[in-house]
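Topology and contacts: notes
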Amino acid sequence: MEFGPHLMLAMLEGLVQASVLTLTALGLSLVFGVMRVVNVAHGEFYMLGAVLAWWVTTMLGGNPAIGFVVALVVAPLLVGLMAAAADWLVLRRVEYDPERTIVATIGLLYIIQQVTLMTYGPDAHPVTPPFNTRLALPWYEFTDQGFQIYWPWGLSITSYKLFVIAAAIVTCLGLWLLMARSKIGLILRATQLDSETAQAFGIPVERVFALVFGMGAALAALGAVLVVPIQQAHYLMGGDPLLLSFIVVIIGGLGSLRGTVVAAILIGMSDGIISVFFTPTLAKMLATLLVAMVLVYRPQGLFGAKPA
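Keep in mind the model is a prediction, meaning the values are calculated, not measured.

**Focus on the packing of helix 2 (residues 42-60) against helix 3 (residues 64-91)**
For the pair helix 2 and helix 3, interaxial distance at closest approach is 8 Å and the crossing angle is 140°. Relative to helix 3, the element helix 2 lies oblique. Two packed elements cross with a definite hand, and for helix 2 against helix 3 that hand is right-handed. Contacts between helix 2 and helix 3 involve F45, L48, G49, L52, A53, V56, T57 and L60 from the first element and I66, G67, F68, V70, A71, V74, A75, L78, V79, M82 and A83 from the second. Partitioned by chemical class, the residues of the contact of helix 2 with helix 3 number 16 nonpolar, 3 polar and no charged.

Okay, structure coming up:
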């Protein structure tokens, strides 16, 4: 395959990775933006989404599409409820203090990971995609006869990967509508700006925090459900998404949902392309270097507000 079609294929693979990363990083950014706490256990909620998706599809059996649709609803909902319960049982007890919250979520990380290991086991398990038709992609060239379209061998993508991209776009639009056009979004934005004033006006801030923590975990779980038919569910799969999500949130700007989306596309696309042409390790190294440059030259991130 020539370089042009090969680059196009790498970009499509990067876009799939960027779509999943966007959902995961949006959950982390939402939690920090409203609650001002760093959730170190975010990657384990991602892992729980994948494991629960495997459990649901295995339990239902039969048509893979039915099991996947049920998992797409049930897994994020269950993970969101678990996260809300963790907020009520743990984070509220430490009064959302930033330092103690980091320690508490590290504890949650190991608890979730080890409980999953004891119940789910150490092996990786696949989830059958609901549909997986391979679609050939065209390329073009200019010849003596003019502009021509042809179909290079090996230039293709599956219908499921296109679905992952579309599902991420729809979810991002839904989250934007929720934040910008709904009463819940108004309450979340008010709590983000000044939680004490919001509480003085009758907003139940602790319930809002539980809702936000659950929403953040549910977004991560949704990304995991979408990616698990491409990868496999494993109890250690939360590490890389957590690292990349922190990179995205720092580059985009702490608490900035718009910056998170832009940075996730940038990091996801570059990670996918560099991984195809070089190695995944080099992609992680360049992403870390980019974070260092952002911290030095623009500490607030690409879209973060400058401190007053």
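**Things to note about the packing of helix 1 (residues 3-35) against helix 8 (residues 205-227)**
Interhelical geometry of helix 1 versus helix 8 gives an angle of 170° and a closest axis separation of 8 Å. Between helix 1 and helix 8, the crossing angle belongs to the class labelled roughly antiparallel. For the pair formed by helix 1 and helix 8, the contact residues are V20, L23, T24, L26, G27, L30, V31, V34 and M35 on the first element and F209, V212, F213, M215, G216, L219, A220, L222, G223, L226 and V227 on the second. Taken together, the residues that form the contact of helix 1 with helix 8 break down as 16 nonpolar, 4 polar and no charged.

**Here we look at helix 2**
Between its first and last C-alpha atoms helix 2 spans 27 Å; for 19 residues at 1.5 Å apiece the expected length is 27 Å, and the two agree. One or two residues past the end of helix 2 sits G61, with phi positive at roughly 60°.

**Some details on the packing of aromatic side chains**
Counted according to the given criterion, the structure contains 8 aromatic pairs. With centroids separated by 5.2 Å and ring planes inclined at 85°, the aromatic side chains of W54 and Y120 adopt a geometry described as edge-to-face. A residue pair is termed long-range when its members are at least 10 positions apart, and W54 in helix 2 and Y120 in helix 4 (residues 98-120) qualify at 66 residues. When its relative accessible area of 11% is taken as the criterion, Y120 is described as buried. Summarising the aromatic geometry, the rings of F68 and F163 are spaced 6.3 Å apart at their centres and angled 70° between planes, so their arrangement reads as edge-to-face.

**Brief notes about the nonpolar core**
Membership of the largest hydrophobic core comes to 64 residues, with the highest contact counts inside it found for M35, F45, Y46, V79, V212, F213 and L226. For this core, the element with the most residues is helix 8, which contributes 15 residues. In contact with F45, other than residues within four places in its own chain, are N39, V79, A83, I112, F213, A217 and A221. One finds I251, A264, I267 and V294 within the second-largest nonpolar core, a separate group that totals 12 residues.

Reading the values: rules and limits
- Residues numbered from 1 in each chain as written.
- Predicted model: local features only at pLDDT ≥ 70, side-chain atom pairs only at ≥ 80, totals over all residues.
- Heavy atoms only, no water.
- Axes fitted to C-alpha atoms, helices over the stretch in contact; angles between N-to-C directions.
- Helix = DSSP H or I, 4+ residues; strand = E, 2+ residues; numbered from the N terminus.
- Parallel < 35°, antiparallel > 145°, perpendicular 65-115°, else oblique.
- Left-handed = near helix turned anticlockwise from the far one by under 90°.
- Contact = heavy atoms within 4.5 Å.
- Nonpolar A, V, L, I, M, F, W, Y, C, P; charged D, E, K, R; others polar.
- Expected span 1.5 Å × (residues − 1).
- Phe/Tyr/Trp six-rings, centres within 6.5 Å; stacked < 30°, edge-to-face > 60°.
- Buried < 20%, exposed > 50% of the residue type's maximum accessible area, 1.4 Å probe, protein only.
- Core = buried A, V, L, I, M, F, W, Y, C linked by side-chain atoms within 4.5 Å.

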